2 protein chains.
Amino acid sequence: MPFASRLDNVETSAIRELFKLLGKPGIISFAGGFPDSAMFDVEGLREASQKALSEEPGGALQYGATEGYEPLRAQLAAFERSKGVADIEPQQLIVTTGSQQALDLIGKTMVGPGDKVIVEGPTFLATIQCFRLYGADIQSAPIDAQGVQVDRLEQMIVEHRPKFVYLIPTFGNPSGALLSLERRRRILELAVKHQVLVVEDDPYGDLYFGEAPPPSMLALSSEVPGSREWIAHCGSMSKVLSPGLRVGWLVAQPELLAKATMCKQFSDAHTSTFAQATAAQYLKSGRMPATLANVRRKYAERSHAMAQALRRELGDAIEFTEPQGGLFFWARLTGAGGKVRDAGEFASRAIEQGVAFVPGAPFFAKDADPATLRLSFATADVEKIREGVARLGRAL
Amino acid sequence: MPFASRLDNVETSAIRELFKLLGKPGIISFAGGFPDSAMFDVEGLREASQKALSEEPGGALQYGATEGYEPLRAQLAAFERSKGVADIEPQQLIVTTGSQQALDLIGKTMVGPGDKVIVEGPTFLATIQCFRLYGADIQSAPIDAQGVQVDRLEQMIVEHRPKFVYLIPTFGNPSGALLSLERRRRILELAVKHQVLVVEDDPYGDLYFGEAPPPSMLALSSEVPGSREWIAHCGSMSKVLSPGLRVGWLVAQPELLAKATMCKQFSDAHTSTFAQATAAQYLKSGRMPATLANVRRKYAERSHAMAQALRRELGDAIEFTEPQGGLFFWARLTGAGGKVRDAGEFASRAIEQGVAFVPGAPFFAKDADPATLRLSFATADVEKIREGVARLGRAL
């Protein structure tokens, strides 16, 4: 069958292959990018879905507007306001089928064959593939623990004239990095100076362990004149409430939002109104602050446990910055003491010892660092984390 | 902002503009393509969603496989088997976010700029736009009350060598036409002979009024050697159960299904597992046969009422074939007695009289017939249908 040539730009992810091994009994997995199902507020969601069906069954079960279910758009605007986004109104956002769809709509709306897109190296794998399907030529900007390196980013913007810059500024996947306040401001200034769109993907920003991270770039845009025009912000309920709802949202300037809405009309007509009405009732119920406090506390505990165990069991054979939020450790094998330096080889040995993680190489669009790896602490409890890291020590 | 050039191929639908007028108080609408919310089995869906959350909260709220939630795939395969599709297994279908997404995935997987696609003239508007966004050059094959004209279709396949042929064989939107058994067989033979994919979109096949329509082309493919390979079938829960779930499915040969799954991974990761688990529990509950019987009976009543009223009120100024199922009348203004022949003009006059319908022209990819119009009887009860058609008579 003669498929479209755009499929030649992507391949099924290496990670998918690895996931097939996870069925092995007794394995402890640090490989996923999932939140912990045990933390889902099932009772709150049950009540919310019941209310959705009893209060407005038509709205919850009928076709809805492509832009989203109005009561949810209103709740999401209020949620963003509560996080410091000034003056955001419901019509400035559309609801998407998870934030993955927001990325897909940005790709469909903006990217043609050969267009440049700058991402962080490393970045979220499905983003790279999503944009490549539209023909993007992906360029990687280097990062450190404070996020993307701004001087280098500016050079690359000037050199490549990208359609947009894609960043996960807060507790990045896979990097766990937190873009500093100063860098956020500078990037907003760059966006205005070079008239380049910055896409802020923010699924992890609510999952902080200690003090709150700097405001989102969307929130900060009110402090940098002209920058609101150049920010598209992707939000998600997936990591804090439930990925199964597939409720995300996209905030952008009116023209981009209108084009993305048109593309969405032909992608899936609209996001499940049943899921949207449930999410709207949940936000309205007032349970979200307690839910957030709960997941923050538990993930913080697990993250600390993983940091301690890694230092204890792997010592100087591994280096990492302890994350301040999110779901991931991004680490690098140092080879100290003649230990393994290739994360792919380490992953195979680890599976033999009954523990899984993801090698870092696939997260790089270019110039992969084979010594890197990603460890998620989200779905294992503290005891499992200690045991899993001990197995990593044996595998090393 | 420099958008992708693919957006130049589409425009926001003319129908959307018309829908803005529907807010006028007291208007009777024959314009929608919606099922009637009053027929939704709210109680059955409430129970199904509760069971989904109590029996497998993790499955209903966590990330799921891109291919779909396994219990739903099993139920959908059984549903297709109950409709005469021999030997279909769960792994031969994927769950999509409404059948609109199945169309989008077929477009993404198959269509590159300039590729030819043959559709019926007229056909579903969002399909035309969806494929055009991927660069399709859409060709229209003529239809009559028995569906697409096969001799003409074969000529066009030979002439255009299309990536695929897109058909709504059963109670088409907007045509209401029913492709005859003989034509179904001949098209399957054409697919094999010319090695061309046929996409069967089948959201209305369960909504028949009298005897059941011929089997779907997917079902018939087992009688035409080699044809199963060349059929992609899009199913949907939207018209029979609830559009708000956004649960559709795509049946196709393994290679196409694998490519579509990869594209879906980067489009929305997966369809809402909450909606999928709810749909699975609903199908498992055994309520579907009674639900189908109920909607068939009510839509049949409304369809007959509309046919009678149209004959009574508009006489020979309009011609149509009474549909045997689905949601639509497709009609043509004859101009008899010097009456209006332009459906656009008629629509404006109708709105003034307090009744709305959709002119037929936008449903044609090429060579629009300005005398055509689409009337939906789905959401108005018999009394409203009589009053609405009386208003149409006054507008004429």
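Residues numbered from 1 in each chain as written. Chains lettered and ligands numbered in written order. Predicted model: local features only at pLDDT ≥ 70, side-chain atom pairs only at ≥ 80, totals over all residues. Heavy atoms only, no water.

- An unreviewed UniProt entry annotates chain A as PLP-dependent aminotransferase family protein originating from Ramlibacter alkalitolerans.
- Per its UniProt entry, chain A bears the Cofactor (unreviewed entry) comment "pyridoxal 5'-phosphate". (UniProt positions renumbered as here; feature names shortened; annotations may be inferred.)

What to know about the pattern of salt bridges
Residue and element names in this part refer to chain A.
Reasoning step 1: This model, assessed by the stated rule, comprises 44 salt bridges over all chains.
Reasoning step 2: In this structure, Lys-163 and Asp-115 form a salt bridge, with 3.0 Å as the shortest nitrogen-oxygen distance. Within this pair, whereas Lys-163 is found in the loop between α7 (150–160) and β6 (164–167), its partner Asp-115 is found in the loop between α5 (98–110) and β3 (116–121), the two being separated by 48 residues in sequence. With respect to burial, Lys-163 and Asp-115 carry one shared label: buried.
Reasoning step 3: Between Glu-154 and Lys-193 there is a salt bridge, with its nearest N and O atoms 2.7 Å apart. Residue Glu-154 is found in helix α7, and its partner Lys-193 is found in helix α8 (residues 181–194); the two are separated by 39 residues along the sequence.
Reasoning step 4: Salt bridges here are not isolated pairs; linked through shared partners, they connect Asp-41, Glu-47 and Arg-287. (Salt bridge = Lys/Arg side-chain N within 4 Å of Asp/Glu carboxyl O. Helix = DSSP H or I, 4+ residues; strand = E, 2+ residues; numbered from the N terminus. Buried < 20%, exposed > 50% of the residue type's maximum accessible area, 1.4 Å probe, protein only.)

Re the domain arrangement of chain A
Residue and element names in this part refer to chain A.
Reasoning step 1: Segmenting chain A into domains produces domain 1 (5–41 + 290–395) and domain 2 (42–287).
Reasoning step 2: Placing the centre of domain 1 and that of domain 2 at their C-alpha centroids yields a distance of 25 Å.
Reasoning step 3: Tallying the contact residues gives 35 residues for domain 1 and 41 residues for domain 2.
Reasoning step 4: When domain 1 packs against domain 2, the two sides together hide about 3,200 Å² of surface, and 62% of this comes from carbon and sulfur.
Reasoning step 5: In this structure, Asp-137 and Lys-366 form a salt bridge, with 3.8 Å as the shortest nitrogen-oxygen distance.
Reasoning step 6: Our count for the domain 1 to domain 2 interface comes out at 18 residue pairs in polar contact (both at pLDDT 80 or more).
Reasoning step 7: For the side of domain 1 that touches domain 2, the elements supplying multiple residues, two or more each, are α12 (288–314) and β11 (328–333).
Reasoning step 8: Looking at the side of domain 1 that touches domain 2, the element that brings in the most residues is α12, giving eight residues. (Domains from an automatic or database assignment. Contact = heavy atoms within 4.5 Å. Buried area = accessible area lost by both parts, 1.4 Å probe. Polar contact = N/O pair within 3.5 Å; in protein donor to acceptor, adjacent residues only side chain to side chain.)

Some points on the sheet that holds strand β5 (residues 147–148) of chain B
Residues and elements named next belong to chain B.
Reasoning step 1: One open sheet holds the eight strands; their spatial order is β2-β9-β8-β7-β6-β3-β4-β5, and the pairing between them is mixed. Strands at the two margins of the open sheet, each flanked by one partner only, are β2 (93–96) and β5.
Reasoning step 2: One ladder, built from three bridges, connects strand β3 (residues 116–121) with strand β6 (residues 164–167); its direction is parallel. The residue of β6 that forms the bridge with Ile-118 is Val-165. (Pairing = 2+ DSSP bridges.)

A few points about unusual backbone geometry
Residues and elements named next belong to chain A.
Reasoning step 1: The residue after Gly-121, namely Pro-122, is reached through a cis peptide bond having omega 10°.
Reasoning step 2: Structurally, Pro-122 can be placed in the loop between β3 and α6 (125–133).
Reasoning step 3: In the Ramachandran plot, Arg-246 falls in the positive-phi region, its phi being about 55° despite a non-glycine side chain.
Reasoning step 4: Tracing the backbone shows Arg-246 in the loop between β8 (231–236) and β9 (247–251).

Quick look at the side chain of B:Ser227
Reasoning step 1: Examined against the element boundaries, B:Ser227 turns out to sit in the loop between α9 (217–220) and β8 (231–236).
Reasoning step 2: Discounting chain neighbours no more than four positions away, the residues touching B:Ser227 are B:Leu188, B:Val192 and B:Ser221.

Observations regarding the sheet that holds β9(A)
Strands in a sheet are paired, the pairing made by backbone hydrogen bonds, and the direction either parallel or antiparallel.
Residue and element names in this part refer to chain A.
Reasoning step 1: One open sheet accounts for eight strands, arranged β2-β9-β8-β7-β6-β3-β4-β5; its pairing is mixed. For this open sheet the edge positions go to β2 (93–97) and β5 (147–148), each flanked by a neighbour on one side alone.
Reasoning step 2: The sheet strands contacting helix α4 (residues 70–82) are β2, β8 and β9, and the helix crosses β2 at an angle near 105°.
Reasoning step 3: Taken strand by strand, α5 contacts β2, β6, β7 (197–201), β8 and β9, and its axis lies near 110° from that of β2. (Axes fitted to C-alpha atoms, helices over the stretch in contact; angles between N-to-C directions.)

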